[in-house]
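# Examining the three-dimensional arrangement
One letter stands for each residue in the lines below.
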Amino acid sequence: MTWSEMQPLLSQACWDTLYMVGWSTLIAVVAGLPLGILLVLTDRGGLLQNVVANKVLGQVVNIARSMPFIILMVALMGFTRWITGTTIGREAAIVPLAVGAIPFFARLVETSVREVDGGLVEAVQAMGGNTWTVVRKVLVPESLPSLISSTTTTVVTLIGYSAMAGTVGAGGLGDIAIRYGYQRFETQLMWITVAILAVVISVIQFAGDLAARSLHRRGGRSGQAPTLRLLKARQPAADVSNAA
Amino acid sequence: MITTSGLTKVYRSRGREVTALDGVDLHVREGEVYGVIGQSGAGKSSLIRCVNLLERPTSGTVTVAGQDLTALAGRGPRAGKELRRARSRIGMVFQHFNLLSSRTVQDNIELPLEILGKSGKERSRRALELLDLVGLADKAGAYPAQLSGGQKQRVGIARALAGDPKVLLSDEATSALDPETTRSILQLLRDLNRELGLTVLLITHEMDVVKSICDSAALMEMGRIVESGTVGELLATPGSELAAALFPVDGDASGPDRTVVDVTFHGEAATQPVISQLARTYNIDISILGAALDTVGGLQVGRMRIELPGHYEDNVVPIGFLREQGLQVDVVSPETALVKEGAK
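Residues numbered from 1 in each chain as written. Chains lettered and ligands numbered in written order. Predicted model: local features only at pLDDT ≥ 70, side-chain atom pairs only at ≥ 80, totals over all residues. Heavy atoms only, no water.

### Topic: the nonpolar core
All names here are of chain B.
- Of all hydrophobic cores here, the largest spans 48 residues; its most connected members are Val-105, Ile-109, Val-155, Ile-157, Leu-202, Ile-213 and Phe-247.
- If you count residues domain by domain, this core takes at least three from each of domain 1 (2-236) and domain 2 (247-339).
- Val-28, Cys-50, Leu-83 and Ile-203 belong to the second-largest nonpolar core, a separate cluster that totals 32 residues. (Core = buried A, V, L, I, M, F, W, Y, C linked by side-chain atoms within 4.5 Å. Buried < 20%, exposed > 50% of the residue type's maximum accessible area, 1.4 Å probe, protein only. Domains from an automatic or database assignment.)

### What about the UniProt feature "transmembrane region" (unreviewed entry) in chain A?
Residues and elements named next belong to chain A.
- Mapped onto this numbering, the UniProt entry annotates "transmembrane region" (unreviewed entry) at residues 20-42, 63-83 and 189-212.
- Annotation note: span residues 20-42, helix share 96%, strand share 0%, distance between end C-alpha atoms 32 Å.
- Between the first and last C-alpha atoms of residues 189-212 the distance is 34 Å; the span itself is 100% helix and 0% strand. (UniProt positions renumbered as here; feature names shortened; annotations may be inferred. Helix = DSSP H or I, 4+ residues; strand = E, 2+ residues; numbered from the N terminus.)

### What about the domain arrangement of chain B?
All names here are of chain B.
- By the assigned domains, chain B splits into domain 1 (2-236) and domain 2 (247-339).
- Each of domain 1 and domain 2 has a C-alpha centre, and these two points are 39 Å apart.
- Each partner contributes to the roughly 540 Å² buried at the junction of domain 1 and domain 2, and carbon and sulfur atoms together form 69% of this total.
- Ranking the residues of domain 1 by area buried against domain 2 places Lys-211, Leu-235 and Ala-236 at the top, with a combined share of 82%.
- Counting the contacts that link domain 1 with domain 2 gives 0 salt bridges.
- Our count for the domain 1 to domain 2 interface comes out at 0 residue pairs in polar contact (both at pLDDT 80 or more).
- Broken down by element, the residue count for the side of domain 1 that touches domain 2 peaks at 4 residues, all from helix 9 (residues 231-236).
- For the side of domain 1 that touches domain 2, the class distribution of residues is 3 nonpolar, 1 polar and 1 charged. (Buried area = accessible area lost by both parts, 1.4 Å probe. Salt bridge = Lys/Arg side-chain N within 4 Å of Asp/Glu carboxyl O. Polar contact = N/O pair within 3.5 Å; in protein donor to acceptor, adjacent residues only side chain to side chain. Nonpolar A, V, L, I, M, F, W, Y, C, P; charged D, E, K, R; others polar.)

### A word on the sheet that holds strand 2 (residues 16-28) of chain B
Residue and element names in this part refer to chain B.
- If you walk across this open sheet you meet the 4 strands as 2-1-4-5, and the pairing is antiparallel. The sheet is open, and its two borders are formed by strand 2 and strand 5 (67-68), each paired with just one other strand.
- Where strand 1 (residues 2-13) lies against strand 2, 10 bridges are found, and the strand directions are antiparallel. Bridging from a neighbouring strand, Ile-2 pairs with Val-28 of strand 2.
- Along the sheet face, helix 1 (residues 44-51) touches strand 1, strand 2 and strand 4 (59-64) and points at about 60° away from the line of strand 2. (Pairing = 2+ DSSP bridges. Contact = heavy atoms within 4.5 Å. Axes fitted to C-alpha atoms, helices over the stretch in contact; angles between N-to-C directions.)

### Brief notes about the interface of chain B and chain A
- If you look at the interface, chain B gives 24 residues, while chain A gives 26 residues.
- Between chain B and chain A the total buried area reaches about 2,200 Å² when both faces are included, carbon and sulfur atoms providing 56% of it.
- Linking chain B to chain A there are 2 salt bridges.
- In this structure, Lys-137 of chain A engages Glu-114 of chain B in a salt bridge whose closest nitrogen and oxygen atoms are separated by 2.5 Å.
- Where chain B packs against chain A, one counts 6 residue pairs in polar contact (both at pLDDT 80 or more).
- Every element with two or more residues in the side of chain B that touches chain A is listed here: helix 3 (81-88), strand 6 (90-94), helix 4 (105-115) and helix 6 (149-161) of chain B.

Quick look at the structure:
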């Protein structure tokens, strides 16, 4: 295969991957953020303490998290068809990707939000704030650096999942690597795909870390390290947390 | 201004019951600085949290500025609208400041005003005014992480005052600060109390805090208030633990034929230089064994332990002179057990 043959294939695949990952990330964040916050609020001692709701939510998240993505994809076929009218193609792949990422992101949100100092919540309550004020003015803004890191982790995970989605006809870089590289022995194309994936993931991780760190520098509360760092630029971010 | 009656708080966890507050009756007058002192675990924190119902008391009532807050509580752990409105009129400062790290100093102070639904222009005007009041006018755009502990607490105080409260609750506000900063923060609280007529209820484990700014104090032990009153009242109470801790005097007689006397200064009498008058009038030598005195508003407040030559029988007249000056005099017997002469 010559470069002129590969080039259109690759650019289409790149676009497909970003399209799938972009939409599913958006859905995962929109749905996972409130879910994660609810997991904290309904917990024992939370502002909306509700042990039953908490247990149910937690179990749903656990079940969804424990399912291997490839199984989830197959299991959701009916649901996918109901939503998009098809089970093939990048639009169809968004459904299982989003469903898989929602509980994943929700757990990360839960961890981030739990780290917010309870004293801040108390301070806002003492000012006369209600639960919604606490969420809007304290929990989300105070955990924002950590939430951005969680989003980065989710995007990176979704890129991995999207390669699996490729195996059922969703297109994307993973699909190219398997179909051309593995099944047709186009080793060169496979390695190019892998290289592109590595670059994409590095760029995303770098951008995410940068965003989280810049917010962190501004705030500079006790260090909440981003959850996953593939490309770790060990810059003196540590001194920020000691400034207090 | 703040009255609690029969306030009880019982924590239940895994079948165990811990009584944090056991029938606390507290009365804080308008415009005074009231200190509740006690060791950790005495229930101070629970008490101050019950005042604005951050903790819901198990029984008893809390009245702030004539409003019965316990009646507003509603059911369940969530605070109803009325209670939230009442809370917005009670300022609170915290040991660990509790400033939002994601907001600038100014935005932190604006937060309570946002909750009150004030307009942007009004919020920033008020925030800058308050920053000026606490002496941080140049720090409006800084983030809390860039401030020292004392500056953070000043921001905390400015934030607590944003909603124009009549009452300020201070939860160990100086316990995380060094002694010098503690003094300046206490001075600020004192100034605010005087200038704005702010009623301050503070809890602390440091006797110095009570000594330097409180008009009244209460001692808490095991969830109960053991002693309470104005500093003068406490001093006048023979055997008061709080008075002894506030104004500790020590020292034993230097010989067998000496009389040791504790003199308590409070009220108008304390303006006279009584000790030198005593020495001149009766021509006796007086040794001062120990003294803990403060001058508050031109009046001397505190206690002094003096030694007079001769036995008690020889000193009846000088002691009578001291009592005539309006001082409280307790004779310490040779075994240093307090003879409660002053008790009526």
